[in-house]
Amino acid sequence: MEESLNNTVKTILKVSMVVSLGVLFTACGAKKIQKVNIVIPQPPEEPRLFYVNSYRGGSSFSESSAVDLFIGEDAGGSFGNLGKPYGVDAVGNRMYVADTALGVVFNFDLLNKKISFIGDKSEGKLAMPMGIAHDSNGDIYVSDTKQKKVFGYTSSGQLKFALGKKDEFRRPTGLALNPKERRLYVVDTKAHDIKVYSLDGNLLFKFGKRGVESGEFNFPTNIAIDPRNENLVVSDTQNFRVQIFDKDGKFIRKFGQLGDRPGMFARSKGIGVDSEGHIYVADAAFNNIQIFDDKGTLLLFFGGHGTTPGKFVQVSGLSVDANDKLYVVDGMKGVVQEYQYVSERWKSENPVKYRELKSMKAQKVERKETKHVPLNIKGQKPIGSKLKKEMLHF
């Protein structure tokens, strides 16, 4: 009787919502959704990246789920949307997104346009997932900052192992996996170090400690691997810099400083490296993505505060896949934006699309959302014409 009553109430609510939304969608129905064309930098400069798509969840794959977007579906429904995502990782036609608010990993099947979940079962149930990595077998590794553990799952979502004995981690966040060495790198933010494990869960070694010297950390958050040489690239967040190490944790170089000018950082988070060695760094304070070469020279940046594609409200996680697709997480909007880096390989494989990018005309830029607020920090460097010219050579 109670179940029947609940179903009746749900039906009444849905019918009421349909009637209420009828006016809205009738008014908006005549407006077609236009394709967003964003090329970075804008024409007539040589295109380096272009916007591909945005993903919110199940609604990204349905054109007829307007009602469900407003009132949702039963638990486990196919139209679940991201709450507050942070980490992202992609391989092939799969994209994995760690949602800190909902306590699950969204498994986006981009080819078949379906979504499933990892970490929602009783065994290996997640609480606050943040970092994600994958291996060549399709197994998924997830850090959980609330439970202070790192979980390993099979491609089907079954628990493989759980790392995190008492006091082993203080706050595990970013993850990276070296498939050749079969090593899992775990950034332990509050321990100010990086712990390195074999894929069967054994601790191999760790490196780093709290400090400001080379090789030391101050609340590091994210890590990525340079696919060319297996070097580790780390967001040393509260030291306002990026540090680079070899696969065994030996320090190589660092770049960056606190400031609000290009090439500087305030709250660096997600980090990734493409096939040509370019380093992408997301800064949550400025809501932008800065791109450097492997020596730390700034090449390009884009973003800024805003709600439209190409803008961010609270940028966080970031990753670059094997095809040089860039995935950027906007935590506050609950969206993952996808971009394509225009590499030399991509140009040769997509000559028609490349010519299309080259022929595009510049669009008007709305600048109201990009007001500059100085941090008034000593040592800030002005934006010089030399820097602007160098950035155009990327």
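Here the structure is a predicted model, which is why all the values come from computation and not from measurement. (Residues numbered from 1 in each chain as written. Predicted model: local features only at pLDDT ≥ 70, side-chain atom pairs only at ≥ 80, totals over all residues. Heavy atoms only, no water.)

### Quick notes on the overall build of the chain
Across its full length, the chain holds 5 helices and 25 strands. Expressed as a percentage of its 394 residues, the buried residues of the chain come to 48%. The contacts of the chain with a sequence gap of at least 6 include a subset with a gap of at least 24, amounting to 47%. Roughly 19900 Å² of accessible area belongs to the chain as shown, and the carbon and sulfur atoms make up 52% of that amount. (Helix = DSSP H or I, 4+ residues; strand = E, 2+ residues; numbered from the N terminus. Buried < 20%, exposed > 50% of the residue type's maximum accessible area, 1.4 Å probe, protein only. Contact = heavy atoms within 4.5 Å. Areas by Shrake-Rupley, 256 points an atom, 1.4 Å probe, with all protein chains shown as cover.)

### Side note on the packing of aromatic side chains
Each aromatic ring pair is characterised by the separation of its centres together with the angle its planes make. Taken as a whole and judged by the stated rule, the model has 18 aromatic pairs. Measuring from centroid to centroid gives 4.9 Å for Phe-106 and Phe-117, while their planes differ by 75°, and the two rings are edge-to-face. Linking Phe-106 in strand E5 (residues 104-109) with Phe-117 in strand E6 (residues 114-118), this pair joins segments that are 11 residues apart in sequence. The class for Phe-106 is buried, based on a relative accessible area of 1%. Judged by its relative accessible area of 23%, Phe-117 is partly exposed. Aromatic ring contacts, followed pair by pair, group Tyr-55, Phe-61, Phe-106, Phe-108 and Phe-117 into a single cluster. Lying across the ring of Phe-50, Lys-353 places its NZ or CZ 5.1 Å from the centre. (Phe/Tyr/Trp six-rings, centres within 6.5 Å; stacked < 30°, edge-to-face > 60°. Lys NZ or Arg CZ within 6 Å of the ring centre and 35° of its normal.)

### Remarks on the pattern of salt bridges
A side chain with one charge can pair with a side chain of the opposite charge if their charged atoms come near. For the structure shown, the criterion picks out 20 salt bridges. Linking Arg-228 and Asp-294 is a salt bridge whose minimum nitrogen-to-oxygen distance equals 2.8 Å. In this pair, Arg-228 sits in the loop between strand E15 (223-225) and strand E16 (232-236) while Asp-294 sits in the loop between strand E21 (288-292) and strand E22 (298-303), placing the two residues 66 residues apart along the sequence. Taken together, the shared-partner salt bridges connect Glu-46, Glu-344, Lys-347 and Lys-358 into one network. (Salt bridge = Lys/Arg side-chain N within 4 Å of Asp/Glu carboxyl O.)

### Examining the sheet that holds strand E19 (residues 268-273)
Across the sheet, which stays open at both edges, the 4 strands sit in the order E19-E20-E21-E22 with antiparallel pairing between neighbours. For this open sheet the edge positions go to E19 and E22, each flanked by a neighbour on one side alone. When the angles between neighbouring strand axes are averaged without regard to direction, this sheet yields 20°. Pairing of strand E20 (residues 279-283) with E21, which is carried by 5 bridges, proceeds in the antiparallel orientation. (Pairing = 2+ DSSP bridges. Axes fitted to C-alpha atoms, helices over the stretch in contact; angles between N-to-C directions.)

### Comments concerning the environment of Glu-276
By the element assignment, Glu-276 lies in the loop between E19 and E20. By relative accessible area, Glu-276 is classed as partly exposed at 29%.

### Brief notes about the confidence of the model for the chain
Taken over all residues, the pLDDT of the chain has a mean of 84, while the share at 70 or more is 79%. Here residues 64-79 scores under 50 on pLDDT; set against residues more than four positions off or in separate chains, the count is 26 contacts. (pLDDT = per-residue confidence, 0-100.)

### Notes on the nonpolar core
Core analysis: the largest hydrophobic core is formed by 18 residues, its most contacted members being Tyr-280, Ile-289, Leu-326 and Tyr-339. A total of 3 residues in this core trace back to one element, the largest contributor, which is strand E23 (residues 315-320). Sequence-distant contacts of Tyr-280, that is, excluding residues within four places in its chain, are made with Leu-49, Gly-270, Ile-271, Gly-272, Asp-274, Ile-289, Gln-290, Ile-291, Leu-318, Val-320, Leu-326 and Tyr-341. Residues Val-104, Phe-108, Leu-110 and Ile-115 belong to the second largest nonpolar core, which totals 14 residues. (Core = buried A, V, L, I, M, F, W, Y, C linked by side-chain atoms within 4.5 Å.)

### Considering the pairing of strand E11 (residues 172-178)
Most of E11 sits out of view: 7 of its 7 residues are buried. Note: E11 against strand E12 (residues 183-188), 5 bridges, orientation antiparallel. For Ala-176, the partnering residue across the bridge sits in E12 and is Tyr-185. What sits between the antiparallel neighbours E11 and E12 is a turn of 4 residues, in which Arg-182 has the positive phi angle 55°.

### Section: the side chain of Asp-89
Its place among the elements puts Asp-89 in strand E3 (residues 85-91). A distance of 2.6 Å separates the side chain of Asp-89 from the side chain of His-134, its partner in a polar contact. Dropping the residues within four chain positions of it, Asp-89 is found in contact with Arg-94, Met-95, Tyr-96, Ile-132, Ala-133, His-134 and Ser-319. (Polar contact = N/O pair within 3.5 Å; in protein donor to acceptor, adjacent residues only side chain to side chain.)

### Quick look at a positive patch on the surface
Together, Lys-148, Arg-170, Lys-190 and Arg-210 line one region of the surface with positive charge. With respect to the helices and strands, Arg-210 occurs in the loop between strand E14 (203-207) and E15. (Patch = residues over 30% accessible without salt bridge, like charges linked within 9 Å, V, L, I, M, F, W, Y side chains within 5 Å. Lys, Arg positive; Asp, Glu negative; His and termini not counted. Charge placed at Lys NZ, Arg CZ, Asp CG, Glu CD.)

### Digging into unusual backbone geometry
Trans peptide bonds make up most of the peptide bonds, and negative phi angles are found at most residues other than glycine. Going from Ile-40 to Pro-41, the amide bond is cis rather than trans, its omega being -10°. Put simply, Pro-43 and Pro-44 share a cis peptide bond, and its omega is 10°. Inspection of the secondary structure puts Pro-44 in the loop between strand E1 (39-40) and strand E2 (49-55). At Phe-219, a position not held by glycine, the phi torsion is positive, near 55°. As for its position among the elements, Phe-219 is in the loop between E14 and E15. Residue classification places Phe-219 among the partly exposed residues on the basis of a relative accessible area of 27%.

### Concerning the environment of Ser-60
Relative to the helices and strands, Ser-60 resides in the loop between E2 and helix H2 (66-71). On the accessibility criterion, Ser-60 (29% relative accessible area) is partly exposed. On a C-alpha basis, the gap between Ser-60 and Lys-114 in space is 9.5 Å, while along the polypeptide they are 54 residues apart. Residue contacts for Ser-60: discarding those within four places in its chain leaves Ser-54 and Tyr-55.

### Describing the sheet that holds strand E18 (residues 251-255)
Sheet strands pair via backbone hydrogen bonds, and the direction of the pair is either parallel or antiparallel. The 4 strands are arranged E15-E16-E17-E18 in an open sheet whose pairing can be described as antiparallel. The open sheet has two edge strands with one neighbour each: E15 and E18. Along the sheet, successive strands turn relative to each other by an average axial angle of 20°, direction set aside. For strand E17 (residues 241-245) and E18, the ladder comprises 4 bridges, and the chain directions are antiparallel.

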